[in-house]
Structure formats: structure tokens, C-alpha cells
Amino acid sequence: MAIHSEHSMKATALVFRIFFFSTALFLAHLNVSALSAQARPEDQPLPPAPPVHVEFKFNFVPGKTIPSFTSVSAGDLYSIDQGYGFDLGQKVVEVARGNDGFITAAATNTPFFFSVKVPEGNYRVTVTLGDPAGDSCTTLRAESGHLMATGITTIAGQRRTHIFYANVRRPQLPPPPSNAPGGSIVHMFLAGEAEARCWDEKLTLEFNGPRPCLSSLEIVKDDLVPTLYTAGDSTVGDPRHGPGGNWPTQLCQWLKPEIALCNAAEGGETTKSFITGKRMDKILSQMKTGDFLLVQFGHNDSKPQWPQSYTEPATTFKVYLRVLIAETRRRGATPVLVTPMERRSNGDTVGPWARAMREVADDDNVPLIDQWAMSKIMWSALGTDVGTAFSDQTHLNGYGGYLLSKLIIAGIQKNVPALARYVLDDFKSMDPAHPEPPPAYLKESPGPVAPRRAK
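These notes cover the structure that comes with them.

1. Describing the environment of Asp 425
Reasoning step 1: By secondary structure assignment, the location of Asp 425 is in the segment after helix H8 (417-420).
Reasoning step 2: Taking the C-alpha atoms as reference, Asp 425 lies 9.0 Å from Trp 254; in sequence the two are 171 residues apart.
Reasoning step 3: Only 3.3 Å separates the side chain of Asp 425 from the side chain of Lys 256, close enough to count as a polar contact.

2. Observations regarding the pattern of salt bridges
Reasoning step 1: Per the counting criterion, the structure on display carries 21 salt bridges.
Reasoning step 2: A salt bridge links Glu 120 to Lys 282, with the shortest nitrogen-to-oxygen separation between them at 3.0 Å. With Glu 120 in the loop between strand E6 (112-117) and strand E7 (121-129) and Lys 282 in helix H3 (residues 279-284), this pair connects stretches of sequence that are 162 residues apart.
Reasoning step 3: Residue class for Glu 120 comes out partly exposed when judged on its relative accessible area of 27%.
Reasoning step 4: Linking Glu 269 and Arg 279 is a salt bridge whose minimum nitrogen-to-oxygen distance equals 2.5 Å.

3. Digging into the nonpolar core
A general trend in soluble globular proteins is that nonpolar side chains are found buried together.
Reasoning step 1: One finds Phe 114, Trp 379 and Ile 412 to be the most contacted residues of the largest nonpolar core, which totals 73 residues.
Reasoning step 2: Ranked by the residues each element gives to this core, the list is headed by helix H7 (residues 398-415), at eight residues.
Reasoning step 3: In this structure, Trp 379 is in contact with Met 341, Glu 342, Arg 343, Asn 346, Val 386, Ala 389, Phe 390, Leu 396 and Leu 404, ignoring residues within four places of it in sequence.
Reasoning step 4: Membership of the second largest hydrophobic core comes to 25 residues, among which are Ala 264, Ala 333, Val 360 and Val 366.

4. Things to note about the packing of helix H4 (residues 316-330) against helix H5 (residues 351-364)
Reasoning step 1: For the pair H4 and H5, the least separation of the axes is 10 Å and the interaxial angle reads 45 degrees. One element, H4, and the other, H5, form an angle in the oblique class. Of the two possible hands of crossing, H4 and H5 adopt the one that is right-handed. In this structure, H4 contributes Phe 317, Lys 318, Leu 321, Arg 322, Ile 325 and Arg 329 to the contact, and H5 contributes Trp 353, Ala 356, Met 357, Glu 359, Val 360, Asp 363 and Asp 364.
Reasoning step 2: Looking at side-chain class alone, the contact of H4 with H5 contains seven nonpolar, no polar and six charged residues.

Parameters at a glance
Residues numbered from 1 in each chain as written. Predicted model: local features only at pLDDT ≥ 70, side-chain atom pairs only at ≥ 80, totals over all residues. Heavy atoms only, no water. Helix = DSSP H or I, 4+ residues; strand = E, 2+ residues; numbered from the N terminus. Polar contact = N/O pair within 3.5 Å; in protein donor to acceptor, adjacent residues only side chain to side chain. Salt bridge = Lys/Arg side-chain N within 4 Å of Asp/Glu carboxyl O. Buried < 20%, exposed > 50% of the residue type's maximum accessible area, 1.4 Å probe, protein only. Core = buried A, V, L, I, M, F, W, Y, C linked by side-chain atoms within 4.5 Å. Contact = heavy atoms within 4.5 Å. Axes fitted to C-alpha atoms, helices over the stretch in contact; angles between N-to-C directions. Parallel < 35°, antiparallel > 145°, perpendicular 65-115°, else oblique. Left-handed = near helix turned anticlockwise from the far one by under 90°. Nonpolar A, V, L, I, M, F, W, Y, C, P; charged D, E, K, R; others polar.

Any functional reading would require information that these geometric values do not contain.
Below, the structure written as C-alpha cells:
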């Protein structure tokens, strides 16, 4: 009986210990679940940067003084010390019309450029155009050729005001603490990028077209306007020179003056290198609630001969896409995936990466613009003329960028309603099976060649 009683007591103690341990695990699980359900500071959108007031007003009417406006003459050339002036070596002339007038290009059908030294950020730009005694016609671009408006015409005696937003950025990053990994500047590895207009200390505006006539200019920093960021490779990045460019460079002409565009794409990048090279860090340092990020990769991700940046479509490509998505959502912004357009051969060279992107979009509930599928339809429709949209087997010329910009806008209207509200009400969509002809602005003079860095 003693032996039996001893065994019973041990069994009871064991059951008690198991019960106690199980209860402790259960309570611990509840505690962890409760903690994980709580909002963590690192998962919340970052607070907006402190506003910095920056405002400039310029008057280009010869001999006329306007209160609170800085008068500018044809001889005012840009310098860092002065902080504003005509730039990039293009000559202008003053035209007086009694008590009125304007400044225009010295030669017909050539652009002129005006730059203002400003801190990085978004700027609301208001230009007033027209000739009191003649017609005018203007194309507006900003920074690295971002097309803001085309065919702004006035008749004799008419003034016309146009408003748009431009983004200015520098390659520097907020430095990490001394004992933390990271860096203080975006990694630039291509010749010429460091001297590109998108990275310099100024906002550069281009006045192009048959006869641009500029009478006044106002520039005001706006820290609250939403920003549309774009991430990608050379099939997305801005051109170093010329009036064309990829779809982001030509996208602003379809947007209302209620949103700014920052094209952070650059040649040679992949989903992996865009993160490791600190380009995504640069975006995140400025991203705020209400912003958007359009992500297009695949052309360089598909290169196994680049072992440090190649990604495999079924595994690592998806992982890096999800990093971009998660970091964007953490800031309260909206990620949008854009499948890469197919190459000129119109085969399946980036198809595996496009399909992987579709799967991530489906699994993670991310808006998708299937540019790959639309581009294949469009390249087939162009047939033997498909070369008119390309500068080589992969890269687009201005016409190709124009066509894709219309398809991207159509994709935004269809699948990204929060962003679609910023599309112009009179935008006319295009059927990829029936590509439009090249617009006239692609024939305009590109202006001076951008400087290149020896390497």
C-alpha cells in the first residue's frame, strides 16, 4: 500500500507540473499575442519633416518693377553665389512691349533654362507666359527633362498661367549613428550620374517649344503635397540628355498640379541593389503618409552574369519586392507593382519576373499594373515598326516612353483608385493594340548635352 501510495503521489505531482507548465505556456502565448497586436513605434508611419519655408518670385518684364518680385534680365546667369539665373549656356533676349514684355530664347526653336538654388523637397511652380503683341507656344520641363506641359499657346495680348509640381533631391542621406551600419550617400556607380540635374543643388526649369515667352515665375516649397516615387532600372530612369525619356519622365503631363513625382530609378539597378545601394533608403528618408511608390524591376534582375545583384524570380526576387512593399507600407504610403515591359524581340526575356511580380501582388494584396502584358500587345501591333519605339534591343527612345506613359496612366486608373484621383480629367486612354503616332514635342531641340564624369 505504501508503494502504491507513493506512485500515486508522484503521478499526481507529474500531472500538476504538466498542467502548470501548459498553463504557463498558454498564458505566455496570450501575452505575446497581446503584445504583437499592440502598435509598435517602429511600425508606425514616420512623422513629417519640419516645414521649411522657401519662396521665390521672379519678374522677367524688361524695365518693370513689381513689388516682392526679383527682376531678372537676360544677363543674369546662374551661379551658386547668386542663387538663380539662366543656365546651361543657352542665350535669351529681352523683348519690351511698352510697359510690358517678356524673355524668350535668342534663337528660334531652341530651349532656354532657368535655375534656382533650393533645398531638396517638392516645389509648387507657377509660370506666366505670353506676348502682348504676338503668339507664343511653350513646352515646360523640369530637372532631368520631366515633361510638365506641352503646347501651351497664347495669342497676342493674352497671358496664360500654368502650375505644376517639381521635385528636387540630393544624394546625401541622414548619417547613421557612429556605431550603426549604413551610409550617408546614395551609391552611384554609373558615369555621369553624379552630375545629373536630378542630384544637383538647384531646381532647373526648361522653356522649350516654337516660341516660349516668359514674363513671371513663382516657386514655393510645399512639404505637404503627396509624392509619387518611382523605383527601377534604366528602362525607368530619367535620360541624361534629350526631350524624350522613359515613362516616368513623360508622366507628369497627365497629372493634376496636386502631386509631385520623384523618379529614383537608375540604370543597372535590381531589386537587390536598389536596397543595398541605399536608393530605397533615400526614398524612405523623405516618404510620408499618403505618398505612392511604383516599382518596376526585372531587366537586370534577370542577369545571372551579375552575381552580386541577380535575383531568381521564384525566390529572391519575391523577397526583395516584399522588402520594398513592407518598408513603403510602414511609412503609410501605397506600393504599386509595375511588371517590366518586354524587350524589342517581344519574347519572354523578362516574363518569369513579370509573372513572379503578379504572384506577389496577388498574395500580398498589392495593386498591379501589368505593363509586360500590354507591351507585348503593343510591340506586336507596331510590327516591323517596333524599332521606332526603341533605341536598342532593350531601351526605349522618347516615343516608346510616351507610349508606355499612357499605358501606365491607364493602369493607374484601372487598379490604383487612390492615385487615379490625381490624373487629369481629360486624359485620353490608348489601346495598346492601336499605338498612337509620336507627339510633336519629341522633335524639339534637346538643348545642351549634360556633363559626363570620366571613368
